[in-house]
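Per-entry structural report
The residues making up each chain are set out below.
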2 protein chains.
Amino acid sequence: MPSDAFDRDVDQHREEYLDALKEYCRLPCITGQGIGVRESAEATAAILRGIGCRDVQLLETDGAPVVYGRIGQGSPTLLIYNHYDVQPPEPLDAWDSDPFGSDERDGKIYARGISDNRGDVMARTQAIASYRRVHGELPLTIKFVIEGEEEIGSPSLPALVEAHHDLLAADGCLWEGGALDGSDRFVISLGLKGVLHGELRVRSSRTDMHSSWATVVPSAPWRLTWALASLKSPDDRITIDGLMEHVRQPPEDERAMLERIPFDEAGMKADLQIPAFIRDLSGIDLLTKHLYEPTCTIQGLASGYSGPGLKAVLPNEAMAKIEFRLVPDLEPDLVLKLLRDHLDRRGFQDIEIVTHAKLSPAKAPADAPVVQAAINAAREKYGEDPVVYPVMAASGPMSYFSAGLGVPVVTGGGIWWSDARAHAPNENIRIDDYIMGIKWAGRFFARFGGAE
Amino acid sequence: MPSDAFDRDVDQHREEYLDALKEYCRLPCITGQGIGVRESAEATAAILRGIGCRDVQLLETDGAPVVYGRIGQGSPTLLIYNHYDVQPPEPLDAWDSDPFGSDERDGKIYARGISDNRGDVMARTQAIASYRRVHGELPLTIKFVIEGEEEIGSPSLPALVEAHHDLLAADGCLWEGGALDGSDRFVISLGLKGVLHGELRVRSSRTDMHSSWATVVPSAPWRLTWALASLKSPDDRITIDGLMEHVRQPPEDERAMLERIPFDEAGMKADLQIPAFIRDLSGIDLLTKHLYEPTCTIQGLASGYSGPGLKAVLPNEAMAKIEFRLVPDLEPDLVLKLLRDHLDRRGFQDIEIVTHAKLSPAKAPADAPVVQAAINAAREKYGEDPVVYPVMAASGPMSYFSAGLGVPVVTGGGIWWSDARAHAPNENIRIDDYIMGIKWAGRFFARFGGAE
């Protein structure tokens with residue numbers, strides 16, 4: 001079996017691969033602070049060149065450059081999306097070793113960004129190196145697109161994708177990375193929710209007033225409260241006119257996936273100290289709401305005086321940070337329009353909507369070849385069916401590729417684990433997971449390329 | 001007419017009286033900062049002794065002492081309530097002269113506390129001095145109760161009144177002071193609204209969560225929003241079960257008073273930049289809502305993230321500062337009970353109510369002798385009917401006397417004017433108003449005492 005030879009090659013190069021990973025993780029790249037951006041982009045391009053990529057270039061944007069490179073030949077074409085930037089390491093004193101030291105202990109490597117997502121960049125490129133050493137050329141074309149602004153919300157990505165449709169054209173896309181769950185089962189997901197971040201703001205008069213005038217002078221926090229209360233009912237159903245008509249029930253073929261998705265209800269309730277989940281849901285109903293329903297979340301409220309004791313004030317301004325997580329068919333602009341119409345219809349023309357960020361939902365069909373290749377490779381390498389999320393509850397810039405390029409996108413990697421601490425101090429990966437991740441990637445390339 | 005001799009005496013002592021007023025206003029007394037409290041209490045006691053008061057003493061409390069003194073003889077007995085503390089003078093650079101310098105310019109005296117309410121303390125004691133010089137003894141007994149904690153919410157007053165029922169017993173009470181309105185008409189009021197200050201607080205889980213969990217994990221700001229929205233409807237009607245049943249319509253004899261109360265609707269709307277008052281009310285309906293309806297005001301909202309941009313958080317805590325202004329029969333404890341029952345009945349047992357302050361409403365009957373004396377004295381001295389507020393929209397510790405002692409309480413003084421700037425920089429009184437205020441006080445004592 002070719003896979004045996006491939007795996008042996010990976011094992012033979014284990015120390016070399018880990019050294020290269022550690023070296024890459026010693027380069028900070030904190031784009032929001034302008035630290036190490038160009039250096040990390042160049043280092044990433046050098047890695048691509050090192051495994052034999054052609055046409056390696058830095059695609060310039062209004063912000064950090066995007067590293068592009070191509071390798072292999074023929075069809076199908078696989079696009080691989082990753083990022084070379086990392087979260088800021090602060091608070092530094094909460095780390096047990098240098099965040100950019102790549103310290104190895106207890107079978108783990110500790111470094112900022114190693115789990116999110118430099119481990120994936122290295123595992124995928126090293127899988128290509130082993131594959132080519134063992135088998136000659138790849139049985140497919142692979143295109144890398146590795147951006148430097150993921151941790152600040154990918155502001156340059158939409159224009160980049162728009163400008164390079166032909167360069168990025170592909171038959172499938174492998175996303176950033178993928179997890180092992182709490183039981184170390186390989187996790188694949190077929191999509192992400194979209195998101196609409198914004199604010200509702202109201203100003204009810206020129207100035208704050210003494211609260212004795214609350215009898216007759218309009219109140220900003222009351223206007224905001226009434227407007228908000230019209231958006232969602234106390235049983236947590238979104239009541240924006242027409243919105244829920246766009247929400248679909250899970251298709252029949254996805255219900256089987258739900259059965260395998262872990263959800264430690266008792267553990268989560270105990271940890272959060274909550275008596276019940278919303279609507280007292282449990283089991284498949286709970287998971288269905290979590291994955292298939294949109295949200296309308298108040299992220300913050302601010303108005304008037306909120307310090308100790310009292311202040312006899314009638315506040316003239318109030319603000320709510322509001323966020324919608326969006327399921328397929330609920331595009332951010334559709335939600336914005338439904339929200340505005342809903343408020344206007346109820347006399348809330350005084351409520352201003354400010355938009356901070358929009359992302360469309362993204363979802364690949366379960367029968368897309370790139371999805372099946374990921375599932376089959378996982379089954380072969382890990383000896384059991386992976387856990388497949390038809391969609392994740394979180395959001396990301398996946399839709400620029402899925403909807404923007406018309407490419408089915410799948411996540412998978414097996415390098416993140418349940419205590420990887422992405423975005424937190426002591427971020428780490430387990431070395432054995434990493435080696436398995438290289439082996440999965442090699443098998444995935446073979447499967448998607450139609451080899452063996 | 002005895003009043004002519006009295007007025008001549010006041011005019012003859014004009015400079016001496018103004019000098020004494022200025023001297024008194026040079027003493028800071030900022031109780032919250034422990035500045036000048038004992039010195040001001042002693043100076044106030046000395047003023048009472050200086051006009052011949054008997055039994056002058058400092059009644060000790062847990063905080064600032066209360067200055068007590070008695071003068072005159074026989075019945076009726078008039079209680080005079082004032083305070084010797086003042087607001088802090090900050091911001092100092094917004095003053096055109098020393099806040100404790102008693103600077104005289106353009107017919108005004110500028111000093112922190114001169115309008116609120118040291119001018120009233122001095123005008124009332126100087127009226128007694130002139131009356132006794134002209135007529136011998138007063139035709140009534142006057143008891144002074146002058147506290148030092150009014151500007152910090154009178155925390156020691158309830159226990160003080162409770163402990164000294166006999167010492168403070170009276171047939172009527174003259175409150176702190178009274179205004180001239182924007183047309184320089186003498187203002188009398190028969191009561192104040194009560195108040196209940198508190199917070200609604202909710203905690204929905206042990207910790208904040210990533211906002212993707214808003215699908216199934218309860219949300220503190222939503223719980224608060226739904227609870228608040230159940231308390232008042234968008235047409236500004238309080239919907240707490242049973243509360244409005246305790247609110248009375250204005251009695252017939254008070255409707256005539258409303259006709260004389262000024263309300264510059266167009267000016268206020270233009271100044272506040274509001275298109276309309278609540279429910280588009282105007283005229284007597286507007287004034288009736290302002291004076292005869294309770295309020296339920298959101299003074300502040302706080303939850304989650306309210307800085308720039310976005311934060312993908314599901315907040316676990318939310319808080320609303322809430323205030324009720326209370327009309328007669330709506331006691332703070334009744335409102336607390338109605339609110340708790342209302343929330344519980346709707347499943348909001350998770351909403352905690354925290355109480356910061358309570359004051360009962362206070363109202364004197366229009367036909368009480370102390371009220372009629374104030375009205376008649378104003379008519380005689382100012383040549384026109386005073387503006388009589390059956391109740392003011394604001395609140396104060398009046399109920400400790402009205403309900404606590406069973407004494408009708410009236411406000412009047414004629415020393416505050418429309419640009420007096422109480423609690424603000426450049427606080428001032430007009431000298432001519434002050435002299436008229438002494439003359440009104442003398443006439444009021446004569447009227448209430450049944451002289452002439």
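Thresholds applied
- Residues numbered from 1 in each chain as written.
- Chains lettered and ligands numbered in written order.
- Predicted model: local features only at pLDDT ≥ 70, side-chain atom pairs only at ≥ 80, totals over all residues.
- Heavy atoms only, no water.
- Axes fitted to C-alpha atoms, helices over the stretch in contact; angles between N-to-C directions.
- Helix = DSSP H or I, 4+ residues; strand = E, 2+ residues; numbered from the N terminus.
- Parallel < 35°, antiparallel > 145°, perpendicular 65-115°, else oblique.
- Contact = heavy atoms within 4.5 Å.
- Nonpolar A, V, L, I, M, F, W, Y, C, P; charged D, E, K, R; others polar.
- Phe/Tyr/Trp six-rings, centres within 6.5 Å; stacked < 30°, edge-to-face > 60°.
- Buried < 20%, exposed > 50% of the residue type's maximum accessible area, 1.4 Å probe, protein only.
- Pairing = 2+ DSSP bridges.
- Least-squares fit on C-alpha atoms with pLDDT ≥ 70 in both.

1. Comments concerning the packing of helix H2 (residues 14-25) of chain B against helix H14 (residues 431-449) of chain B
The description of two packed helices rests on the angle between their axes and on the distance between the axes. Residues and elements named next belong to chain B. Packing of H2 against H14 leaves a shortest axis separation of 11 Å and a crossing angle of 105°. Relative to H14, the element H2 is oriented roughly perpendicular. Mapping the contact onto sequence places Arg 14, Tyr 17, Leu 18 and Leu 21 in H2 and Ile 431, Asp 432, Tyr 434, Ile 435 and Ile 438 in H14. Residue composition of the contact of H2 with H14, by class: seven nonpolar, no polar and two charged.

2. Quick word on the packing of aromatic side chains
The full count for this structure, using the stated rule, is 24 aromatic pairs over all chains. With a centroid separation of 6.2 Å and 5° between ring planes, the pair formed by Phe444(A) and Phe448(A) is classed as stacked. Placement of the pair is Phe444(A) and Phe448(A) together in helix H14 (residues 431-449), with a separation of four residues, close to one helical turn. Exposure remark for Phe448(A): the relative accessible area of 8% places this residue in the buried category. An angle of 40° between the planes, with centres 5.0 Å apart, marks the rings of Phe186(B) and Trp440(B) as tilted. On the criterion of sequence distance, the pair formed by Phe186(B) in the loop between strand S7 (172-175) and strand S8 (187-189) and Trp440(B) in helix H14 is long-range, its members being 254 residues apart. Under the relative-accessibility criterion, Trp440(B) is labelled buried at 1%. Taken together through their ring pairs, the aromatic side chains of Phe186(A), Tyr382(A), Trp440(A), Phe444(A), Phe445(A) and Phe448(A) make up a single cluster.

3. Digging into the sheet that holds strand S4 (residues 103-105) of chain A
Residue and element names in this part refer to chain A. Pairing within the open sheet is antiparallel, and its three strands lie in the order S4-S5-S19. The outermost strands of the open sheet, each flanked by one partner alone, are S4 and strand S19 (428-430). Taken pair by pair, the neighbouring strands of this sheet meet at an average axis angle of 20°, ignoring direction. Strand direction decides the pairing type here: S4 and strand S5 (residues 108-110), joined by three bridges, are antiparallel. Bridge assignment links Arg 105 to a residue of S5, and that residue is Lys 108.

4. Some details on the relation of the copies chain B and chain A
Under the fitted operation, chain B is carried onto chain A by 0.0 Å of movement along the axis and a turn of 180°, and the coordinates agree to an RMSD of 0.0 Å. A rotation of that kind, with that shift, is consistent with a two-fold axis. Among all C-alpha atoms of chain B, that of Ala302(B) lies closest to the rotation axis, at 2.5 Å. Comparing interface residues between copies, 100% of those in chain B also sit at the interface in chain A, which points to an isologous, same-surface contact.

No statement about biological role is implied by the geometric values presented.
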